[in-house]
Amino acid sequence: SPTFPPHDAWLSGYAISYYYFGYWLLTTLGRLAGQPPEIAYNLGQTCWFALLLTGCFGVVSNLLLHAGQRLRTAVLGGLLAAFAVGVTGNLWGVFEWLYAHGTDVTGITKLFAVNNFPQTAPPAGATLNFDWWRSSRVISDLTLTGDHIEVIDEFPMFSYILGDNHPHVLAMPIALLVIGLAQSLFFGGFVWTPASMAKKSKEEKAQSAETKSATPSLVQSFLHHIQAFVPLGVAGYVLMTIAVGALIFLNTWDFPPYWLLLIVSFLAISLRGVQLTAGGNGFGGRSVWLWVGAFSLLLLIGSGVFYLPYFLTAQSQAGGFLPNLFNPTRFPQFVLMFGYALFGLGALLVVAWAKFAPSREKLFTAFALVYGAPLAFLLLSLVLGVSTAGGQALLSQMALPPGATSYTPLILERWTKQGLTFLVLGALLALVLAWLWHYFATRLTDEQYTVAPSEQSLLFALLLAAIGLLLVFAPEFVYLRDNFGTRMNTIFKFYYQGWLLFGLSSSYAVILGLQQLLGKRSGTQLLAPIFSGLCLVCMALGVFYPVAALDAKTGSFAATKLTLDATAYIAQSSPDEMAAAQWIR
């Protein structure tokens, strides 16, 4: 294409999808390497997978090193994170594999109610009889008449076996870059030291009394704040802006959670800075929120400036948010998808409880907000849905079953039978938020409050878990309105990031939980090792998926010639089609 956005190859006169930055990056690397597209595609697939694994390794190994763990322990935790995020699959692969090899699992799989199983499953003993696709569709919604509504629940290993260089795949290493930057910010960076704030330079000592007492401007104070607490100062802040802004262009769904992660990390280091400076240098506890607000706003503005050419032509199919009145996620299906994460989060919470416990008031308030706000939103949506013309129009898109005259009893029945996922995720989220609230509230009210590096690492892991829980909890009561008209795409994009964040936080928790086996074991101290062990079991069971899926997808690696050329199979199976492709080129 002579201009951006690039032209669509399948629909003449139109531009390609609104998030093409990942394609651009991969193609640029291919061109710089002098490779044609059919080889650059496979090299790019391998490169991005390596970036995913090394990014996960780096985040968790640094968490453990910051907590004072030995290098070998940190390496083990990093490898576990790379495995959890990029290699293992969800638990459905076990049942698919067992059925494919002649074991009757239909009794237990009725509990999961995965669509079209076993009706469309290949018969046992058939060639390439493992259905590797179905693991990405274990979550399913239903119309009020019982018809299936497709929901996508991909995870990275599925994406790479599929060979799909889609934006949600290409954005993940950049998301890990932002997580790494947030981690460095949260810990105070590796360049800045407290001594730089505690000591005065020779020039400052030589200043007159009038200069010392002068109040710096807001701009000067903010720049001083950034220079003091952001790793690499203003240059580091620009790097953060470029990285998080790229997510809008790469995969727009990923921007809000990682923007939030940077903001909370900046809040943490700002509160630490208030203690170190005792309110000096033109900023103190009362102005922390001013600097955090400026930080977050300038991230948005900077993202717009750096990627302005993209924003000039960007279009989105998003049309606001809609309430999820009809389809709370069935808990057995959620366990299939995130079984390892539930145990990993359990281990993380037990480890956190042993370190410090939030007050009853904070716990009660967190539970009230986490449960109360969504339920109030759903109740209000239901009232407006049955009492207003616009609401009735939205409700009518879900047809009533024969004989039914009202949506209200059907909605209440759905939530009564399928509300367990909402309750479990809400409880986990409330607990994690209560711990984070305890930390930040104590920082604001107690200038003498200090946190050991081990607790800093734990808090950052809790922060990752909190954002992951927010992402998977939100589709229980709300979804983005788009061309699909269902929550299919919302689940798809939010669960994909949830998989990443849970993999990181769970791997960190498993290492700490298993370490408790070396100490005295009694009471609640047994819970962390137990949860950690169950998390590892779920991860291990997830290995059934990549092993069997790779075998099925490649025909047991039956290719007579191994090649990076993605068009080789076309030349072999359809010479005429290959000739047409060469003619177009």
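Residues numbered from 1 in each chain as written. Predicted model: local features only at pLDDT ≥ 70, side-chain atom pairs only at ≥ 80, totals over all residues. Heavy atoms only, no water.

Regarding the nonpolar core
Counting 165 residues, the largest nonpolar core has I179, F295, F460, L462, L500, L504 and Y508 as the members making the most contacts within it. Those residues in contact with L500 that lie beyond four places of it in its chain are C56, V85, M172, A175, L176, I179 and Y258. (Core = buried A, V, L, I, M, F, W, Y, C linked by side-chain atoms within 4.5 Å. Buried < 20%, exposed > 50% of the residue type's maximum accessible area, 1.4 Å probe, protein only. Contact = heavy atoms within 4.5 Å.)

Here we look at the packing of helix α17 (residues 331–355) against helix α24 (residues 527–541)
It is the contact of α17 with α24, at a shortest axis distance of 8 Å, that shows an interaxial angle of 160°. Here α17 is positioned roughly antiparallel relative to α24, judged by the angle of their axes. Here the hand of the crossing between α17 and α24 comes out left-handed. Side by side, α17 and α24 meet where G339, Y340, F343, G344, G346, A347, V350 and V351 of the first sit next to L527, A528, F531, S532, L534, C535, C538 and M539 of the second. By residue class, the composition of the contact of α17 with α24 is twelve nonpolar, four polar and no charged. (Axes fitted to C-alpha atoms, helices over the stretch in contact; angles between N-to-C directions. Helix = DSSP H or I, 4+ residues; strand = E, 2+ residues; numbered from the N terminus. Parallel < 35°, antiparallel > 145°, perpendicular 65-115°, else oblique. Left-handed = near helix turned anticlockwise from the far one by under 90°. Nonpolar A, V, L, I, M, F, W, Y, C, P; charged D, E, K, R; others polar.)

Focus on a nonpolar patch on the surface
The grouping of V219, L223, V234, V238, I242 and F306 at the surface amounts to a nonpolar patch, some 480 Å² of accessible area in total. Mapped by element, the contributors of at least two residues to the nonpolar patch are α12 (218–229) and α13 (233–251). It is α13 that contributes the most residues to the nonpolar patch, three residues altogether. Note that I242 resides in helix α13. Judged by its relative accessible area of 34%, I242 falls in the partly exposed class. (Patch = residues over 30% accessible without salt bridge, like charges linked within 9 Å, V, L, I, M, F, W, Y side chains within 5 Å. Areas by Shrake-Rupley, 256 points an atom, 1.4 Å probe, with all protein chains shown as cover. Salt bridge = Lys/Arg side-chain N within 4 Å of Asp/Glu carboxyl O.)

Observations concerning the packing of aromatic side chains
Aromatic ring pairs: the centre-centre distance and the angle between the two ring planes describe each pair. Under the counting rule described, the total for this entry stands at 49 aromatic pairs. Aromatic side chains F155 and W499 sit 5.4 Å apart centroid to centroid with 25° between the ring planes, which places their arrangement in the stacked category. One end of the pair, F155, is in the loop between β2 (148–150) and α6 (156–162); the other, W499, is in helix α23 (residues 488–515), with 344 residues separating them in the sequence. This pair shows no difference in class: F155 is buried, exactly as W499 is. A centroid spacing of 5.1 Å and a plane angle of 80° characterise the contact between F155 and Y545, whose relative ring orientation is edge-to-face. Taken together, the positions of F155 in the loop between β2 and α6 and Y545 in helix α25 (residues 544–553) put the pair 390 residues apart, joining distant regions of the chain. Each residue in the set F130, W132, W133, F155, F158, F334, F338, Y340, Y495, W499, F502 and Y545 is aromatic and connected to the rest through ring pairs, giving one cluster. A cation over an aromatic ring shows up here: K362 above the ring of W437, its NZ or CZ 5.7 Å from the ring centre. Sitting over the ring of F492, K493 keeps its end group 5.6 Å from the ring centre. (Phe/Tyr/Trp six-rings, centres within 6.5 Å; stacked < 30°, edge-to-face > 60°. Lys NZ or Arg CZ within 6 Å of the ring centre and 35° of its normal.)

Focus: the pattern of salt bridges
With the rule as written, the count across this model stands at seven salt bridges. The partner of E96 in a salt bridge is R134, and the shortest N-O contact between them spans 3.0 Å. A residue pair is termed long-range when its members are at least 10 positions apart, and E96 in helix α4 (residues 92–100) and R134 in the loop between α5 (106–112) and β1 (140–142) qualify at 38 residues. Shared partners join several salt bridges into a network, and the residues in it are E96, D131 and R134.

A word on the environment of L501
Along the chain, L501 falls in helix α23. Along the primary structure L501 and A81 are separated by 420 residues, whereas in three dimensions their C-alpha atoms are 10.0 Å apart. Excluding its chain neighbours within four sequence positions, the residues that come into contact with L501 are I179, Y258, L464, I467, G468 and L471.

Details of the environment of Q516
Checked against the element boundaries, Q516 lands in the loop between α23 and α24. Taking C-alpha positions, Q516 is 6.5 Å from P529, a pair spaced 13 residues apart along the chain.

Side note on the state of the cysteines
Counted by the stated rule, this structure contains zero disulfides. C535 takes part in no disulfide bond, and the closest cysteine sulfur, belonging to C538, lies 6.8 Å away. (Disulfide = S-S within 2.5 Å.)

Things to note about the packing of helix α8 (residues 172–187) against α13
When two helices pack together, their arrangement is captured by the angle between the axes and the distance separating the axes. With their axes 9 Å apart at the nearest point, α8 and α13 run at an angle of 150° to one another. Judged on the interaxial angle alone, α13 and α8 are roughly antiparallel. For the element pair α8 and α13, the recorded crossing hand is left-handed. Residue-level contacts link I174, A175, L177, V178, L181 and L185 of α8 to L239, M240, A243, V244, A246, L247 and L250 of α13. Among the residues making up the contact of α8 with α13, the classes are represented as 13 nonpolar, no polar and no charged.

Examining α13
Think of an α-helix as turning once every 3.6 residues; residues three or four places apart then point the same way. Its 19 residues place the ends of α13 27 Å apart at the C-alpha level, agreeing with the 27 Å of an ideal helix rising 1.5 Å per residue. Across the 19 residues that make up α13, a large majority, 14, are buried. (Expected span 1.5 Å × (residues − 1).)

Brief notes about unusual backbone geometry
For the bond running from F4 to P5, omega is 0°, close enough to zero to count as cis. Summarising the element assignment, P5 is placed in the segment before α1 (21–32). Here the bond from F117 into P118 is cis, since omega is 5°, no more than 30 degrees from zero. One can find P118 in the loop between α5 and β1.

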